[in-house]
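Tertiary structure, described
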Amino acid sequence: MAGNIESRMKIGIIGSGNVGGTLGTRWAQTGHTVTFGTRKPESAEMKELMERAGTTARAASSLEAAHSSDVLLLATPWEATREIVESLGDLTGKVLVDAVNPLLPDLSGLAVEPTTSAGELVAQWARGARVVKCFNTVGKNVMANPKFGSQRAVMFYCGDDAAAKGTVTELAEELGFDAVDAGPLKQARVLEHFAMLWVSMAYVAGFGHEIAFQFLRR
């Protein structure tokens, strides 16, 4: 994709921590125009991130990152997500990739009712956006390299807009994931619990971060 100007995207990263920093850097390195949204664009931490990401990346406010981009990655702490999303204003037509997991502070479960999900709530808060749940089921190290020898980690996604899901498929496969459509956005209720499985296996069961799941077909 990096060699095809027509397929390059303008991507805004809302939340430039571990997940946002990792994914944004990888997309910038493949030639996409990436704007990292942050409260402190001139900080030493952001300057270091820009050096890693390369010449197609820049740092700006979250509002500027949102309105200068066609695709947004949301990778914010759950407790701050609603305030941040609502501060972005009208997002009509933009693809919003929700990578947020509504984890309880002690990682014992999810902080949303079983009849909804972070993905569905984000869709309510993000005015006009086409929300796709994705990039929430593995850690940053797997996002940096989803290949395990000759095998690829699966990356499930879900959403209600077919074109938006097509964009996310392209972005996930470009990183090396086996991208699989899990259905409509309400499937985020399942994917967020699936993320809890990864968290519990990595942190509680002691398998560590270098783990991922594979989707077998026959």
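Read on for an overview of the structure. As the structure is a computational prediction, the values presented were derived from the model and not from experiment.

1. Let's talk about the overall build of the chain
In terms of helices and strands, the chain carries eight helices and 10 strands. Radius of gyration (C-alpha) of the chain: 16 Å, near the 17 Å computed for a compact globule of 218 residues. Principal-axis analysis of the C-alpha atoms places the extent of the chain at approximately 40 × 40 × 35 Å. Taking contacts inside the chain between residues at least 6 apart in sequence as the whole, the part at least 24 apart equals 68%. Of the accessible surface of the chain, which amounts to about 10600 Å², a share of 51% is contributed by carbon and sulfur atoms. For the chain, the centre of its 21 positive side-chain charges and the centre of its 24 negative side-chain charges are spaced 3 Å apart.

2. Quick word on the sheet that holds strand β1 (residues 10-14)
On the basis of which strands lie adjacent, the open sheet formed by eight strands has the order β3-β2-β1-β4-β5-β6-β9-β10 and mixed pairing. If you trace the sheet from one side to the other, it starts and ends with β3 (57-60) and β10 (178-181), each paired once. Shown here is a sheet whose adjacent strand axes are inclined to one another by a mean of 25°, direction ignored. In this structure, strand β6 (residues 130-133) lies alongside strand β9 (residues 154-159), joined through two bridges in antiparallel fashion. Pairing of K133 across the sheet is with C158, part of β9. The sheet strands contacting helix α5 (residues 118-125) are β4 (71-74), β5 (95-98) and β6, and the helix crosses β6 at an angle near 165°.

3. Considering the pattern of salt bridges
With the rule as written, the count across this model stands at 10 salt bridges. A salt bridge links E86 to R82; its shortest N-O distance comes to 3.0 Å. Here E86 pairs with R82, and both are found in helix α4 (residues 78-87), just four residues apart, close to one helical turn. One network of salt bridges, with partners in common, ties together D98, K133 and E192.

4. Notes on the pairing of β1
Among the five residues in β1, four count as buried, and that is most of the element. Where β1 lies against strand β2 (residues 33-37), five bridges are found, and the strand directions are parallel. Each bridged residue has a counterpart across the sheet, and for I13 the counterpart in β2 is F36. With respect to chirality, the unit in which β1 leads through helix α1 (residues 18-29) into the neighbouring parallel β2 is right-handed. Relative to β4, β1 runs parallel, the two being bridged by four bridges. When the sheet's bridge partners are listed, G12 is paired in β4 with L72.

5. Concerning the nonpolar core
Where a protein is soluble and globular, its nonpolar side chains tend to be buried together. Within the largest apolar cluster, 39 residues are counted, with the highest numbers of intra-cluster contacts made by W27, F36, L73, F135 and F177. With 29 residues, the next largest nonpolar core counts W78, A126, V154 and V180 among its residues.

6. Details of the side chain of K165
The residue K165 is located in helix α7 (residues 162-175) in this model. With residues near it in sequence (within four places) discarded, K165 still touches V132, Y157, C158, G159, D181 and G183.

Cut-offs and rules
Residues numbered from 1 in each chain as written. Predicted model: local features only at pLDDT ≥ 70, side-chain atom pairs only at ≥ 80, totals over all residues. Heavy atoms only, no water. Helix = DSSP H or I, 4+ residues; strand = E, 2+ residues; numbered from the N terminus. Rg over C-alpha atoms; globule rule 2.2 N^0.38 Å. Contact = heavy atoms within 4.5 Å. Areas by Shrake-Rupley, 256 points an atom, 1.4 Å probe, with all protein chains shown as cover. Lys, Arg positive; Asp, Glu negative; His and termini not counted. Charge placed at Lys NZ, Arg CZ, Asp CG, Glu CD. Pairing = 2+ DSSP bridges. Axes fitted to C-alpha atoms, helices over the stretch in contact; angles between N-to-C directions. Salt bridge = Lys/Arg side-chain N within 4 Å of Asp/Glu carboxyl O. Buried < 20%, exposed > 50% of the residue type's maximum accessible area, 1.4 Å probe, protein only. Right-handed = clockwise from strand over helix to strand, strands pointing away. Core = buried A, V, L, I, M, F, W, Y, C linked by side-chain atoms within 4.5 Å.

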